[in-house]
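# A look at the structure
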Amino acid sequence: GKTVFLKALLDAVPYHGSIRFAPHTRLGYVPQKIDADRHLPLTFHNLLAAKASIDRLSQRQIDEVLNEVGVPKTLLNTPVGHLSGGQFQKALIAFALLGKPDVIIFDEPTASIDEPREEQMYELMHRLQDKFGITIIVVSHDLSFVYRYATKVLCLNRRGLCFGAPREVLDPDMLDRLYGAHKYYHHMHPHDES
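What this report covers is the structure whose coordinates are included nearby. (Residues numbered from 1 in each chain as written. Predicted model: local features only at pLDDT ≥ 70, side-chain atom pairs only at ≥ 80, totals over all residues. Heavy atoms only, no water.)

Moving on: the pairing of strand 1 (residues 27-30). What you see with strand 1 is a clean split: Gly28 and Val30 sit on the buried side and Leu27 and Tyr29 on the side with no burial. Relative to strand 2 (residues 103-107), strand 1 runs parallel, the two being bridged by 4 bridges. Paired with Gly28 across the two strands is Ile104, which belongs to strand 2. (Buried < 20%, exposed > 50% of the residue type's maximum accessible area, 1.4 Å probe, protein only. Helix = DSSP H or I, 4+ residues; strand = E, 2+ residues; numbered from the N terminus. Pairing = 2+ DSSP bridges.)

What follows covers a nonpolar patch on the surface. Taken together, Phe5, Leu154, Leu161 and Phe163 make up a surface patch of nonpolar side chains, about 400 Å² in accessible area. Relative to the helices and strands, Phe163 resides in strand 5 (residues 160-164). (Patch = residues over 30% accessible without salt bridge, like charges linked within 9 Å, V, L, I, M, F, W, Y side chains within 5 Å. Areas by Shrake-Rupley, 256 points an atom, 1.4 Å probe, with all protein chains shown as cover. Salt bridge = Lys/Arg side-chain N within 4 Å of Asp/Glu carboxyl O.)

The next thing to look at is the packing of helix 3 (residues 59-69) against helix 4 (residues 85-97). In contact at an axis separation of 9 Å, helix 3 and helix 4 are set at 135 degrees when each is read in the N-to-C sense. In terms of axis orientation, helix 3 runs oblique to helix 4. Taken as a pair, helix 3 and helix 4 cross one another with a handedness that is right-handed. Contacts between helix 3 and helix 4 involve Val65, Leu66 and Val69 from the first element and Lys90, Ile93, Ala94 and Leu97 from the second. Considering only residue class, the contact of helix 3 with helix 4 consists of 6 nonpolar, no polar and 1 charged. (Axes fitted to C-alpha atoms, helices over the stretch in contact; angles between N-to-C directions. Parallel < 35°, antiparallel > 145°, perpendicular 65-115°, else oblique. Left-handed = near helix turned anticlockwise from the far one by under 90°. Contact = heavy atoms within 4.5 Å. Nonpolar A, V, L, I, M, F, W, Y, C, P; charged D, E, K, R; others polar.)

In this section: the nonpolar core. Formed by 43 residues in total, the largest nonpolar core has its most connected members in Val69, Ile93, Leu97 and Leu170. For this core, the secondary-structure elements that each account for two or more residues are helix 2 (44-54), helix 3, helix 4, strand 2, helix 5 (115-132), helix 6 (143-149), strand 4 (153-157) and helix 8 (172-179). Take this core: its biggest share by element is 7 residues, from helix 4. Setting aside anything within four residues of it in sequence, one finds Ile93 in contact with Val30, Val69, Phe106, Met121, Leu124 and Leu128. (Core = buried A, V, L, I, M, F, W, Y, C linked by side-chain atoms within 4.5 Å.)

This part covers helix 1 (residues 2-9). Since the α-helix advances by 3.6 residues per turn, residues separated by three or four positions end up pointing in the same direction. All buried positions along helix 1 are accounted for by Leu6, Ala8 and Leu9. Along the axis of helix 1, the buried residues cluster in a sector spanning 155 degrees; they form a single face. Contacts from the buried residues of helix 1 go to strand 1, strand 2 and strand 3 (135-139). (Arc of directions from axis to C-beta.)

All right, on to the packing of aromatic side chains then. Tallying each qualifying case throughout the model produces 3 aromatic pairs. Here Phe44 and Phe88 contribute two aromatic rings whose centre-to-centre distance is 5.5 Å and whose plane-to-plane angle is 70 degrees, an arrangement assigned as edge-to-face. Here the residue Phe44 occupies a position in helix 2, and Phe88 occupies one in helix 4, the gap between them amounting to 44 residues. Under the relative-accessibility criterion, Phe44 is labelled buried at 2%. In this structure Phe88 comes out as buried when scored by relative accessible area, which is 10%. Put simply, the rings of Tyr122, Phe145 and Tyr149 pair up and form one aromatic cluster. (Phe/Tyr/Trp six-rings, centres within 6.5 Å; stacked < 30°, edge-to-face > 60°.)

Attention now moves to the layout of surface pockets. As a volume, the largest pocket reaches approximately 1000 Å³. Lining the largest pocket are 31 residues, with Val138, Val139, Ser140, Val153 and Leu154 positioned closest to its centre. Of all the elements in the fold, those that place two or more residues in the lining of the largest pocket are helix 1, helix 5, strand 3, helix 6, strand 4 and helix 8. Estimated volume of the second largest pocket: approximately 300 Å³. With 4 residues, the top contributor of residues to the lining of the second largest pocket is helix 3. Taken together, the residues of the lining of the second largest pocket break down into 7 nonpolar, 3 polar and 4 charged. (1 Å grid on protein atoms, 1.4 Å probe; cavity = no way out; pocket = protein on both sides within 12 Å on 5 of 7 lines; lining within 4 Å. Points joined across faces, edges and corners; volume = space filled by probe spheres on them.)

Reading across the sheet, the 3 strands line up as 1-2-3 and stay open at both edges, with parallel pairing between neighbours. On the outer flanks of this sheet lie strand 1 and strand 3, each paired with one strand and no other. Direction aside, neighbouring strands of the sheet carry axes that sit 15 degrees apart on average. Sheet strands in contact with helix 4 are strand 1 and strand 2, and its direction is about 170 degrees off that of strand 1.

Written out as structure tokens, the structure reads:
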């Protein structure tokens, strides 16, 4: 239900009830993955240029977001099906940043990235959040990331849900109640350090 929830936030699937953002909120979206045919000649330059054209943005604005997320211009003409998972994810973030969104929604941003690059992705997201004052909504199974960066957490499961600050709601008992099997994680509170 997590991806469906994100798609409801984007008004991309039908739902009951109402979702309200502040007036004039601009949304960006970074999907978990996009299946791209390796033989398709579509490049990220094509995608960025198309969005820039629709939003009436300049090449300078494209260059700024590419620089901000660390996408070298040499990758712009590489077919999207030939990019590594990390390169592709950074290019998707650049795409989401075009138009200066207030909120960026990430669907498991490290799912297609190898473990050593996960931390770099989390740091990038946090830096963008701090620098631009962007609200970030993330689907993640990485509790260490959630503890480090989240201010609020929403756990979804057929058995129920929890909502609140990570330290208040993410404890072993709550995880057992929601997900059944014991989730093994360790989080050291500042007062536990010695």
